[in-house]
Each structure stands twice: as C-alpha cells, then as structure tokens.
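Structural features, examined
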Amino acid sequence: MPQRITPAVSRTYKCQCGRPVFFRNTQCVICGSQLGFITERLTVVALVPETAPDLWRIAGDASGTAYRCCANRLSASACNWMVRASADALDPDRADPPLCLACQLTRGMFDVSGPAGQHRWLQLETAKRRLVAQLLTLGLPVEPRGEGDDGIAFDLLEATQPGECVLTGHANGVITVNAAEADDARREAIRTAMREPYRTLLGHFRHEIGHYYWDRLVRDDPARLAQFRALFGDERQDYGKALQRHYRDGPAPCWALTYLTSYASAHPWEDWAETWAHYLHMTDTLDAAASFDIDALHAESESDPFEARHLWDPQHPGAQDFLGLLNSWVELTQVMNELTRSMGQPDCYPFILPYRAVGKLQFIHETIRAQRAQAAPVATDAALA
C-alpha cells in the first residue's frame, strides 16, 4: 500500500519575514532580504550582512558562522549558493570571491558573452544546481575533479565550427553537455524526432551522473557487480557496437516489458543510467510533494499496486519501505498527469513502469542507501573536526 512520505529535506523554505521562498531565489520579493542556499543545511535561508564587507550570516543564527556569496551570484547564471568564509576572509588582500561547490564542478564553458549564451548558461547551471543539491541530500559523494582523481567535472560546450558535433555523454568522471540542449525549441525538436516521451536538461544531467556513479558504486565492488549483471545484463558486451545497432535497428519490439525507455534497451550501462535518472526523478518529486503536504494517497488508481514479488530482493530489510515509496510514486504521478491534462499540457509523467524495472529501481535504491550508510561515519567525523 502507498504510504505518506516524509521528505529527506523539506522544500518549504521560508524567508525571515515568514513568506515562502524557493530553491532558485536570490532575494525575497516581499521584504527584500538576500537569500542563499547553504549546502551544510541543504536549505535556502535569509541572509543579513556582517560588519566586514562581502560577508553574510544566516538570519537568526547565533553561531556566528560567516558566509560569502558564490562568485557567480551576479553573473547570468544567478547562483544563489553560499560558501562558508575561511579564516582569512577578513584579509583585505584576499583572493576574488570563491566558487560554490556546484560551480566548482563546471570545468569547460562555452561562450556566454551574448544574450543567447547567457540564457543557456542560466538554464544549464540551474539544472545542475538542482542535481547537485539532490546528490548531497542522498548522501552521495560529490567532489570537484582534480588531476587523476575520481571527482566530477562538467564540460558545458557548444559547436563553434560548421560540421562540428558536441555529444552529451560521460567518460571517466567528465560529463559533457551540449549547451544547445538549453534551447527549448531545439530540444523539443530532437525529442520529437527521436520519439522520446521526455527530454529535459535535468534529465540529461541525471542520466549522465548515473554513469559516473556506476563507476563509483558498482564497477569495483564484485558482489554488487554480480547483482548488477543479474538484473541489467553483462556490461562487457561491446558498447559502441550496441549503440550502433540501437540507432540502426531500433529497440527490440518488446522492450516496454523490461525497460523504462527504449534507449535503456541499447546496453546494460544505458539501462542503469536511465533507471538511475528515473530514481532521481521519483525521489526528488516525492520529496517536493511531501514538503508541501500534497496527499495523493486517496487518488483513484488506474493500476494495481506493486507487490513484494516484483522486487529484486523481497527479503531485504528495506524492501517494504521501498515498496511503499514506489506505490506512493505511482499514486502521485496519476494525479500529476491529470493536473497537466487540465492545463492542456502533455502528461507530466509519460512513462509506464514494467515489472522488470521495479527490481532495478530497488537495486539502485539500496545501492544509494548502502553508500549513505558507509559515508555517514566519515561525514560525522569531519563535522566534529
């Protein structure tokens, strides 16, 4: 049965004046307070200026912790994330304003000097910030990439020469996103041409980061890798040839019985990335709905609820919790779709969950939970240092 979901992090952000504010906001439109996203708290807060220039503290916070705005706050990307001030922040000869965690992840950048480039930059970074905030909420490792390490880097690029092609993809921790995807009309044309039910910037980021976390969480863990192969297939099959075959011949006729999307059927890696992105869609949307106390539990269902027999591991200690989350998601999406239909818009959730995909979603759910449990003692130690 569906269950009422408690959000991992509340999305009902409030200004110091008591009015609601939202994830993207830099200023309260009611009282004019400056706003900022604090990664340690995973929330948007009102800010008050410190006596020293360029320093801020959280309104009503007596800890005295000082913050600086991300260097991109006044740029076209409109970053509202804050950076905890270092011990030498009062030094008048200090360096330029710092970059926040989300902005540090961007390595390569296209030309953002013109209006079109600035619009694309805003769209891309807004989606990336939402992705990074969710990864932090899930307790996943998020570190900027250095030379030879296993961190993350984003290259936001565009074609500059006739015939040049920028492919969105992932390779060894570097995620490339074609900046042209930030143009709504072009992205929609591609979605229609490829007969995709869903194509968004946030979806691209969630899919590609899935490849990165496969490397981090599955590839080097023999037990988890064996479980992955039992569910998704053997990733050692030739990836390039698999994609060529998919684009040449299309998906298998019965792909919808096993996969969330037709592209997921191309190769086990793509099945993982599509399922990973889908899990992030689910958990983020459920968190938002629960934060605003949206109750879809009494909606008239068009389908029977999923049962334990549909899971990857029905005996897992967290199996019933996942099953409740999944069935709550099904109920919520039916309401979401009816609401968008009421506005004359396409279905907000244009997918059908096949039984085989449910087990894959549970596997990803438990993989993330295991990573979070493993990282929790480390995070605690760091906070106490």
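Below you will find a few notes about this structure. (Residues numbered from 1 in each chain as written. Predicted model: local features only at pLDDT ≥ 70, side-chain atom pairs only at ≥ 80, totals over all residues. Heavy atoms only, no water.)

**Looking at the overall build of the chain**
When you go through the chain residue by residue, the secondary structure sums to nine helices and 11 strands. In terms of overall dimensions, the chain is globule-like: its C-alpha atoms have a radius of gyration of 22 Å, near the 21 Å expected for 385 residues. Split into buried and exposed, the 385 residues of the chain put 47% on the buried side. Taking contacts inside the chain between residues at least 6 apart in sequence as the whole, the part at least 24 apart equals 62%. Element-wise, carbon and sulfur atoms account for 53% of the exposed surface of the chain, whose accessible area totals about 19,600 Å². (Helix = DSSP H or I, 4+ residues; strand = E, 2+ residues; numbered from the N terminus. Rg over C-alpha atoms; globule rule 2.2 N^0.38 Å. Buried < 20%, exposed > 50% of the residue type's maximum accessible area, 1.4 Å probe, protein only. Contact = heavy atoms within 4.5 Å. Areas by Shrake-Rupley, 256 points an atom, 1.4 Å probe, with all protein chains shown as cover.)

**Structural notes on the nonpolar core**
The biggest cluster of nonpolar side chains holds 81 residues, and the ones touching the most others in it are Ile209, Tyr213 and Trp276. By residue number, the principal contributor to this core is helix α8 (residues 319–342), which donates nine residues. Each residue touching Trp276, except ones within four places of it in the same chain, is listed here: Leu140, Arg206, Ile209, Gly210, Tyr213, Leu217, Ile364 and Ile368. Ile38, Leu47, Trp56 and Met82 belong to the second largest nonpolar core, which has eight residues in total. (Core = buried A, V, L, I, M, F, W, Y, C linked by side-chain atoms within 4.5 Å.)

**Some words on the state of the cysteines**
Counted under the stated rule, the structure contains zero disulfides. Here Cys79 is not cross-linked by a disulfide; its sulfur's nearest cysteine counterpart is in Cys100, at 3.5 Å. Judged by relative accessible area, which is 0%, Cys79 ranks as buried. (Disulfide = S-S within 2.5 Å.)

**Structural notes on α8**
Between its first and last C-alpha atoms α8 spans 35 Å; for 24 residues at 1.5 Å apiece the expected length is 34 Å, and the two agree. Across the 24 residues that make up α8, a large majority, 17, are buried. Positive backbone phi, at 75°, marks Gly344, one or two positions downstream of α8. (Expected span 1.5 Å × (residues − 1).)

**Brief notes about the packing of helix α7 (residues 268–291) against α8**
Packing of α7 against α8 brings their axes to within 10 Å, and their N-to-C directions diverge by 75°. When the axis of α7 is compared with that of α8, the two are roughly perpendicular. Each of His278, His281, Met282, Thr285, Leu286 and Ala289 in α7 lies in contact with α8, whose residues at this interface are Leu325, Leu326, Ser328, Trp329, Leu332 and Met336. Looking at the contact of α7 with α8 residue by residue, the class counts come to eight nonpolar, four polar and no charged. (Axes fitted to C-alpha atoms, helices over the stretch in contact; angles between N-to-C directions. Parallel < 35°, antiparallel > 145°, perpendicular 65-115°, else oblique. Nonpolar A, V, L, I, M, F, W, Y, C, P; charged D, E, K, R; others polar.)

**Here's the deal with the sheet that holds strand β10 (residues 169–171)**
Reading across the sheet, the four strands line up as β8-β9-β11-β10 and stay open at both edges, with mixed pairing between neighbours. In the strand order of this sheet, the two ends are held by β8 (106–109) and β10, each with one partner. Taken over all neighbouring pairs, the strand axes of this sheet differ in orientation by 20° on average, direction set aside. Pairing between β10 and strand β11 (residues 174–178): three bridges, direction antiparallel. The residue of β11 that forms the bridge with His170 is Ile175. (Pairing = 2+ DSSP bridges.)

**Quick look at the pairing of β11**
Burial runs high along β11: five of the five residues are buried. Of the two faces of β11, the one lined by Val174, Thr176 and Asn178 and the one lined by Ile175 and Val177 are each fully buried. Linking β10 back to β11 in an antiparallel pair, the connection comprises two residues, with Asn172 at a positive phi of about 55°.

**Describing empty space enclosed by the protein**
Tallying each qualifying case throughout the model produces two cavities of 30 Å³ or more. Taken as a whole, the largest cavity encloses approximately 100 Å³ of empty space. Along the walls of the largest cavity sit Val9, Arg11, Tyr13, Phe23, Phe37, Leu42, Arg130, Ala133, Gln134, Thr137 and Asp284, which together make up its complete lining. Considering every element that reaches the lining of the largest cavity, the biggest residue donor is helix α2 (residues 115–137), with four residues. Here the residues of the lining of the largest cavity sort into six nonpolar, two polar and three charged. Here the second largest cavity is characterised by a volume of approximately 50 Å³. Phe23, Arg24, Ala78, Asn80, Trp81, Thr126 and Arg129 are the residues that line the second largest cavity. Considered class by class, the residues forming the lining of the second largest cavity number three nonpolar, two polar and two charged. (1 Å grid on protein atoms, 1.4 Å probe; cavity = no way out; pocket = protein on both sides within 12 Å on 5 of 7 lines; lining within 4 Å. Points joined across faces, edges and corners; volume = space filled by probe spheres on them.)

From the geometry alone we can't say anything about function, so treat these as descriptive.
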